[in-house]
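Residues per chain are reported as follows:
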Amino acid sequence: MKRQIEYQQPFFCHLPKWMILLALLTLLVPSPVLAEYGDVVFNKRAEKSGMRPVIFPHWFHRIRFKCNVCHTELGFKMRAGANDIHMADIKDGKFCGACHNNQIAWGPGNCNLCHSGLTGLKSGIRGGNTTGGPGKW
Amino acid sequence: MKRCIIKQILAVCITLCAAQATFGAEPVSKANSYWLPLAKDELHDPADPALHLLQNPVKALSVLPRDGAGDQVNWVKALDNNYINPRINLRFNTQVEVLNLDILFPDTNEMDMVNFPHKQHTEWLICSNCHEEIFKYKAHATKFGMFEILNGEYCGRCHGAVAFPPTECSRCHNVPRTSTAAPAKAN
């Protein structure tokens, strides 16, 4: 005896035609390939203090230092937003100030080199998760 | 009939989209167009008076080995082939301990199994970066899934932020299951 094959229609067959057309149109629009820099925006305090947000480029720093230098020796947690950094710490030689001390790299007096972000940016890591899934980023 | 036409249109669109995703990932002609100038990256303020002093990513990244995902740089290759020589320590006498140990994750449902190579990871990181805060030392003692990874936990701490993104399925799921594990034929 032949088994009855149950055929389920794909879900989109039940959708209104305009919805399908709209979905197809969005598929056809070329999506720009966005670079994934791992740039981190620091804006917990910057803008409130009248400064531009800080943009930290991972790509620039990883050419010069392996991950563990900052994520072990300097105490940066591997989670954007988990590090509570004050300018006073940096001037004391902690966090960024370990290198940004006018010896290894530019010192904390060069405000605009780090505080270079657009106003209104939210803190967090950019580029990041390209899945558009349930990511926090 | 209508449904048939719609399905055909959908198939064409999906093919186009897939082609775009496949060939669009590494267009040779647009080799340097991934790395936007800082003034145009929608992060940096073009009005910042010091912006011109900062290096543009294209200058540093275009000379490194290419990758088809993430920031288009194969950082592991860049390190292995001496394109870059990043420091391992700043103050302390941190020693690089490259560990040649592969961990196989067989519990991956219908996906190929995952082989985790310690080697490529310990070239960048030291043990304490991952152990034991994120992963227990003991293999398979930490339970996690793709949902957590896509949420930026476990592997997703770096993969999707500074290492190749989780959309590169086959780069982690790269160990095919043996024939015994092949799905049974439906009949």
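Residues numbered from 1 in each chain as written. Chains lettered and ligands numbered in written order. Predicted model: local features only at pLDDT ≥ 70, side-chain atom pairs only at ≥ 80, totals over all residues.

1. So, the overall build of chain B
Part 1 of the argument: A tally of helices and strands in chain B yields seven helices and three strands.
Part 2 of the argument: Listing every helix and strand of chain B by position from the N terminus yields α-α-α-β-β-α-α-α-α-β.
Part 3 of the argument: By the burial criterion, 20% of the 187 residues in chain B qualify as buried.
Part 4 of the argument: Of the contacts made within chain B by residues no fewer than 6 positions apart, 35% connect residues no fewer than 24 positions apart. (Helix = DSSP H or I, 4+ residues; strand = E, 2+ residues; numbered from the N terminus. Buried ≥ 20, exposed ≤ 12 C-beta atoms within 10 Å, placed from the backbone. Contact = placed C-beta atoms within 7 Å.)

2. Description of the nonpolar core
Part 1 of the argument: If you look at the biggest cluster of nonpolar residues, it comprises 16 residues, and the most contacted ones within it are Val40(A), Val41(A), Phe42(A) and Val54(A).
Part 2 of the argument: Of all the secondary-structure elements, those providing two or more residues to this core are β1 (40–42) and β2 (54–56) of chain A.
Part 3 of the argument: Once you skip the residues sitting within four places of it in the chain, Val41(A) turns out to touch Pro53(A), Ile55(A), Gly117(A), Leu121(A), Lys122(A), Ser123(A), Gly124(A), Arg126(A) and Leu43(B).
Part 4 of the argument: By size, the runner-up hydrophobic cluster in this structure holds ten residues, among which are Tyr34(B), Leu64(B), Val73(B) and Ala78(B). (Core = buried A, V, L, I, M, F, W, Y, C linked by C-beta atoms within 7 Å.)

3. Some thoughts on unusual backbone geometry
Part 1 of the argument: For the bond from His131(B) to Glu132(B), the omega torsion is -5 degrees, close enough to zero to count as cis.
Part 2 of the argument: For Glu132(B), the location among the structural elements is in the loop between α5 (127–130) and α6 (146–150).
Part 3 of the argument: Backbone geometry places Asn102(A), a non-glycine residue, at a positive phi of 70 degrees.
Part 4 of the argument: By the element assignment, Asn102(A) lies in the loop between α4 (87–91) and α5 (111–114).
Part 5 of the argument: Backbone geometry places Glu42(B), a non-glycine residue, at a positive phi of 60 degrees.
Part 6 of the argument: Along the polypeptide, Glu42(B) turns up in the loop between α1 (2–23) and α2 (57–61).
Part 7 of the argument: Taking the C-beta count within 10 Å as the criterion, Glu42(B) has 10 such neighbours and is therefore assigned exposed.

4. Remarks on the domain arrangement of chain B
Residues and elements named next belong to chain B.
Part 1 of the argument: Looking at the assigned domains, one finds that chain B contains domain 1 (57–86) and domain 2 (96–178).
Part 2 of the argument: Between the C-alpha centres of domain 1 and domain 2 there is a distance of 21 Å.
Part 3 of the argument: Contacts between domain 1 and domain 2 engage five residues on the former and six residues on the latter.
Part 4 of the argument: For the side of domain 1 that touches domain 2, a count of residues per class yields three nonpolar, one polar and one charged. (Domains from an automatic or database assignment. Nonpolar A, V, L, I, M, F, W, Y, C, P; charged D, E, K, R; others polar.)

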